[in-house]
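Structural overview for review
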Amino acid sequence: MAFRTLLYRYFFFGWLFHDVNRGNLFERSAAWRHNQTQARWLPTYMRRWVVLGALLYVGGVFVEHTCSATVLSSFLYMPWVLCVSFTATTFVAWAGLKSLPGPAP
C-alpha cells in the first residue's frame, strides 16, 4: 500500500464506514450495524488527533515565546484549531453511533 494511503488511513476514518442512506431497509440496517462495530476505532483516531493537536499547540507556544514570532506561531495555532474541531466532530460521531437507534423504515 502506498505511503500516502497509509497516512490518510492513519488520520482519517471515513474509509471504515458504509453509507446508511443507500439501499433498501435491510442494506441500510446492515450498514448501520457495520458502522456501530467500526465505531470502536474512533477513540483511537481521537487520540491521534489530540496528540497532533498538543504537539502543534506546544510548538506554537514555543515559537511565540522564544522567538517572539506571532505570525509564525499562527501557522501552528491554525492547524491546532482544526485538530480540536476534528476531534469534537469525531466525538459526536462516536457518541451518535453508540446511542442513536438505527435507520427508520
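Refer to the structure above for everything that follows.
Reference entry: report on the structure contained in this document.

Thresholds, definitions, all that
- Residues numbered from 1 in each chain as written.
- Predicted model: local features only at pLDDT ≥ 70, side-chain atom pairs only at ≥ 80, totals over all residues.
- Heavy atoms only, no water.
- Helix = DSSP H or I, 4+ residues; strand = E, 2+ residues; numbered from the N terminus.
- Contact = heavy atoms within 4.5 Å.
- Areas by Shrake-Rupley, 256 points an atom, 1.4 Å probe, with all protein chains shown as cover.
- Phe/Tyr/Trp six-rings, centres within 6.5 Å; stacked < 30°, edge-to-face > 60°.
- Buried < 20%, exposed > 50% of the residue type's maximum accessible area, 1.4 Å probe, protein only.
- Expected span 1.5 Å × (residues − 1).
- Core = buried A, V, L, I, M, F, W, Y, C linked by side-chain atoms within 4.5 Å.
- Salt bridge = Lys/Arg side-chain N within 4 Å of Asp/Glu carboxyl O.

When helices and strands are tallied, the protein chain shows four helices and zero strands. Taken over the C-alpha atoms alone, the protein chain extends approximately 60 × 35 × 20 Å along its principal axes. Pairs at least 24 apart in sequence give 63% of the contacts found in the protein chain among residues at least 6 apart. Summed over its atoms, the accessible surface of the protein chain is roughly 7,400 Å², and 70% of this surface lies on carbon and sulfur atoms.

For the structure on display, the rule yields twelve aromatic pairs. Geometrically, the ring pair formed by Tyr-10 and Phe-11 is edge-to-face, given 5.0 Å between the ring centres and 85° between the ring planes. With a relative accessible area of 42%, Tyr-10 lands in the partly exposed category. Measuring from centroid to centroid gives 5.8 Å for Phe-91 and Trp-94, while their planes differ by 40°, and the two rings are tilted.

Okay, the side chain of Thr-87 next. Here Thr-87 lies in helix 4 (residues 70–99). Taking the relative accessible area as the measure of exposure, Thr-87 reaches 15% and is therefore buried. Once residues within four sequence positions are removed from consideration, Thr-87 is found in contact with Met-46, Trp-49 and Val-50.

A few words now on helix 3 (residues 42–66). The end-to-end C-alpha distance of helix 3, which contains 25 residues, comes to 36 Å, matching closely the 36 Å that a straight helix rising 1.5 Å per residue would cover. Listed in full, the buried residues belonging to helix 3 are Leu-42, Thr-44, Tyr-45, Met-46, Trp-49, Gly-53, Leu-56, Gly-59, Gly-60 and Val-63. As for helix 3, its buried residues are in contact with helix 1 (3–11), helix 2 (25–38) and helix 4. Residue Ser-68 follows helix 3 closely and has a positive phi angle near 55°.

Ranked by size, the top nonpolar core spans seven residues in total: Phe-13, Leu-16, Trp-32, Ala-39, Leu-42, Tyr-45 and Leu-97. Beyond its immediate stretch of four places on either side in the chain, Leu-97 contacts Phe-17, Trp-32, Asn-35, Gln-36, Ala-39 and Leu-42.

The subject of this paragraph is the pattern of salt bridges. In the structure shown here, the tally under the stated rule is one salt bridge. Across the pair Arg-22 and Asp-19 runs a salt bridge whose closest N-O atoms are separated by 3.5 Å. By relative accessible area, which is 61% here, Arg-22 ends up exposed. With a relative accessible area of 39%, Asp-19 lands in the partly exposed category.

Once that is clear, we can look at the side chain of Asn-35. Counting through the fold element by element, Asn-35 comes out in helix 2. Residue class for Asn-35 comes out buried when judged on its relative accessible area of 5%. For Asn-35, the contacting residues outside a window of four places in its chain are Phe-17, His-18, Val-20 and Leu-97.

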